[in-house]
Each structure stands twice: as structure tokens, then as C-alpha cells.
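# Structural characterization, general
So the chains spell out like this:
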Amino acid sequence: MSKQRVLSGIQTTGNLHLGNYLGAIRNWVEIQSQYDNFFFFADLHAITVPYDPKTLADNTYNLAALYLACGIDLQYSTIFVQSHVTAHSELTWLLNCITPLNWLERMIQFKEKAIKQGENVSVGLLDYPVLMAADILLYDADKVPVGEDQKQHLELTRDIAVRVNDKFGKKKEPVLKIPEPLIRPEGARVMSLTDGTKKMSKSDPSEMSRISLLDPPEEIKKKIKRCKTDPIKGLVFDDPERPECHNLLSLYQILANKTKQEVATECQDMGWGQFKPLLTEVTVESLKPIQDKYQEIMDNKDYLNSVLKEGVAKAEEVANTTLSRVKDALGYLPRL
Ligand code: AMP
Ligand code: TRP
């Protein structure tokens, strides 16, 4: 039996942080050998908010190097640039005309991002989840590993696929495959270092709120030293009054590769002064191999270019086949 297909992506905006790593990439790496995987750099999504054209290409390169540095293995996984496969934009248009506007107006991420931008909200920001649906549906993905914040977008993707199948499919031959989200509870929602009730995010104006995968050890030490805590001694999980405490213990648990019970016992009598150096040490140690590998890859642009070139060829083959199938189902005159 052939392997099931996995697909996921990350926007090419800014540096990756621990939330992206623990909520997404680390899980991709863990499961990749069991699946046929496509992982891409979402540079079309990156321009749905104001951006600087001078850094767009570099951000894509950096993200590609980071995927590889985090352990994406080309034996199992294809990596590629979203904008290089034009089928993504084309399928988005077709799905746009099938998706009711009010489905998009309900999206939490749109509402949150739109508030921040006032008058400048683009049509692209509203349409972001349809592009994401196109990304997924083009590859007939069985599973989509993401963090908790993307769950609503995946539900929308499923709704769009069902609608296309209902309107344009034949009984036994659905046009599109219905994908399943893959959300691991651990690390699915890494919270900000400055506010344990907000998720760690690339768009938070404060650098102190997140640990970037490329932060040098001194920077990590400084951020953990200054991060928000509480004046209570004895550290515990799951106390709704102590969101920061829960978040920091969870980070420690994942990065130190321990069980929740082990960490609960280890930290039950600790104060922050004792805990913070421990967290700093496991964070620095977990990121060091990634940072070393990243540098090695960035020093070899020819290699990176060849990986991206190979990736786009494989991706395009799958994506174009699906696009033709959809256009055919929608009734288009085939290209002559
Ligand atoms: P983004 O940075 O929004 O492109 O997100 C890329 C991936 O990281 C997606 O799978 C997100 O669900 C995941 N992600 C982003 N922020 C967090 C967070 N704070 N905790 C866990 N996962 C996250
Ligand atoms: N919207 C996702 C995020 O911000 C990134 C993304 C774009 C994605 N297209 C995707 C994730 C397709 C999974 C599948 O996290």
C-alpha cells in the first residue's frame, strides 16, 4: 500500500520561533518517515499583510535552510516554494468562486489581524484561508500537521472540499480529497514569554515575547531571565491562575524530553530562580544543533538552490494533475 500524504507550510515572514518549531516542524520531522510529505514556504501568504519586498526572497531562503536544519529529510519529504507552483494561485481563484463570503468573514485569525490593520486590510487577508485550502487540496493531502491556531482554517478547507464534491463530483468519484488535521496536544499552543494568555507569535512587536530558533545563547538567557512569572513558590501545571507557569513548565517538559509527571515532581518545590537556569540550558542545548546546521546550509547556496529546483518539479507534477482534474469537473474547455 502506498504511503498517505502529508502537507504543511509556514509563512515566510520573519524568524521562526519556538512555537513554530514545537507546534509544527518538530512534529513533521518526527512523522516524516511514515508518510509521503510535501512541506512548502508560504510566500504568497506572506504578502497578505504589509511587507518589505527587499526581504521577501531572503526570508524564503532562510526558511528553507531552517526546514533542513530542523531535520526535514529529503529522502521522505519534498520542500518547495509556494509561489513557484502557479497552480496554487489558480486553484485559489476557482475555489474563491465556490466559497461563500460569510465563511471567510467568520475566521478568527482574519478578525484578529484585521483589527490590527484598520483601513489597510487587503482582500488577500480575507482570502488567505482559501489560498491555504488550495495549498492542501492540490496535493490530495491525507493529513495536515499544524498548531492549534490553524484548526479553523483546516475545517474551512474540509468544508470547501465537500462543497466542491457535492456540486461537481460524481457519486463515486469525488473531485477533491478531504484532509484531516494533525494537531499534537504537546506544543500545539506555545504562549508568549511576556503574557501567558497570548500565543507566541511572529507578529508580536516585542522581541522579548518569543525565542527565535536562531537566537544566540546570551539572548535566550536574557529573554528567559526577564520573562513574565508570578511571585508564588512551587511550580505547577494546569493552574488557570498561573498561565505563565504552565507555559514555561510545558516548554521545559518538551525540550528536556521528559514526561509531565517527571517535571511536575521535579519542580513542585522550586522557585523561579532555580527553574529559569534549567529552562535556559535545555533551550540553548536543543537549539544549538539546529543553529550549527543552519549556518552550514546557508554557506552553501548552490546546494539550497538545487534542493528547491528539485522540489518544485515534484510538487508541480502533483499539483498540476489535481488542477486539471478540478478544471475538468468545473466544466472548462481543455487547453487545445
Ligand atoms: P505561522 O508562523 O503563522 O506561519 O505558523 C506556522 C506553523 O506554526 C503553523 O502550523 C502554526 O500552527 C504553528 N504555530 C505558530 N505559532 C504557534 C504557537 N505559538 N504555538 C504552537 N504552534 C504555533
Ligand atoms: N496559514 C498557515 C500558518 O500561518 C501556513 C500555511 C499556509 C499552511 N498554507 C498552509 C499550513 C497549508 C498548512 C497547510 O500557520
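Above this note sits the structure.
Summarised in this report is the structure supplied together with it. If you're wondering where the values come from, they're calculated on a predicted model, not measured in any experiment. (Residues numbered from 1 in each chain as written. Chains lettered and ligands numbered in written order. Predicted model: local features only at pLDDT ≥ 70, side-chain atom pairs only at ≥ 80, totals over all residues. Heavy atoms only, no water.)

With that out of the way, let us pick up a positive patch on the surface. The grouping of K221, K222, K225 and R226 at the surface amounts to a positive patch. Among the structural elements, K225 can be located in helix α8 (residues 217-226). (Patch = residues over 30% accessible without salt bridge, like charges linked within 9 Å, V, L, I, M, F, W, Y side chains within 5 Å. Areas by Shrake-Rupley, 256 points an atom, 1.4 Å probe, with all protein chains shown as cover. Salt bridge = Lys/Arg side-chain N within 4 Å of Asp/Glu carboxyl O. Lys, Arg positive; Asp, Glu negative; His and termini not counted. Charge placed at Lys NZ, Arg CZ, Asp CG, Glu CD. Helix = DSSP H or I, 4+ residues; strand = E, 2+ residues; numbered from the N terminus.)

Applying the stated criterion across every chain, the model contains 9 aromatic pairs. Centroid distance F38 to F80: 6.4 Å. Interplanar angle 75 degrees. Geometry classified as edge-to-face. One end of the pair, F38, is in strand β2 (residues 36-42); the other, F80, is in strand β3 (residues 77-81), with 42 residues separating them in the sequence. In this pair, the class of F38 matches that of F80, namely buried. Residues W272 and F275 carry aromatic rings whose centres are separated by 5.9 Å and whose planes lie at 75 degrees to one another, so their mutual orientation is edge-to-face. Of this pair, W272 and F275 are both found in helix α11 (residues 272-298), 3 residues apart, which corresponds to roughly one turn of the helix. Among the residues examined, W272 registers a relative accessible area of 10% and is labelled buried. Ring pairing ties together the aromatic residues W28, F39, F41 and Y67, which thus form one cluster. Seen from the ring of F237, K260 lies directly overhead, with NZ or CZ sitting 5.2 Å from the centre. For the cation-ring pair, K301 lies above Y61, with the distance from its terminal atom to the ring centre recorded as 4.4 Å. (Phe/Tyr/Trp six-rings, centres within 6.5 Å; stacked < 30°, edge-to-face > 60°. Buried < 20%, exposed > 50% of the residue type's maximum accessible area, 1.4 Å probe, protein only. Lys NZ or Arg CZ within 6 Å of the ring centre and 35° of its normal.)

Let's shift gears to empty space enclosed by the protein. For the structure shown, the criterion picks out 2 cavities of 30 Å³ or more. What the largest cavity holds in volume is close to 70 Å³. The class makeup of the residues in the lining of the largest cavity is 3 nonpolar, 7 polar and no charged. Roughly 40 Å³ of volume is contained in the second largest cavity. Lining the second largest cavity are M107, Q109, F110, K113, L125, Y128, P129 and H153. (1 Å grid on protein atoms, 1.4 Å probe; cavity = no way out; pocket = protein on both sides within 12 Å on 5 of 7 lines; lining within 4 Å. Points joined across faces, edges and corners; volume = space filled by probe spheres on them. Nonpolar A, V, L, I, M, F, W, Y, C, P; charged D, E, K, R; others polar.)

Around ligand 2 there are 13 residues in total, and Q11, Y128, M132, D135 and Q150 lie nearest to it. Within the side chain of Q11, an N or O atom sits 3.2 Å from an oxygen atom of ligand 2. In the complex, the protein chains occlude 91% of the 360 Å² of accessible area that ligand 2 would expose alone. Those elements that place two or more of their residues in the shell around ligand 2 are β1 (5-11) and α6 (123-137). (Near = heavy atom within 4 Å. Polar contact = N/O pair within 3.5 Å; in protein donor to acceptor, adjacent residues only side chain to side chain.)

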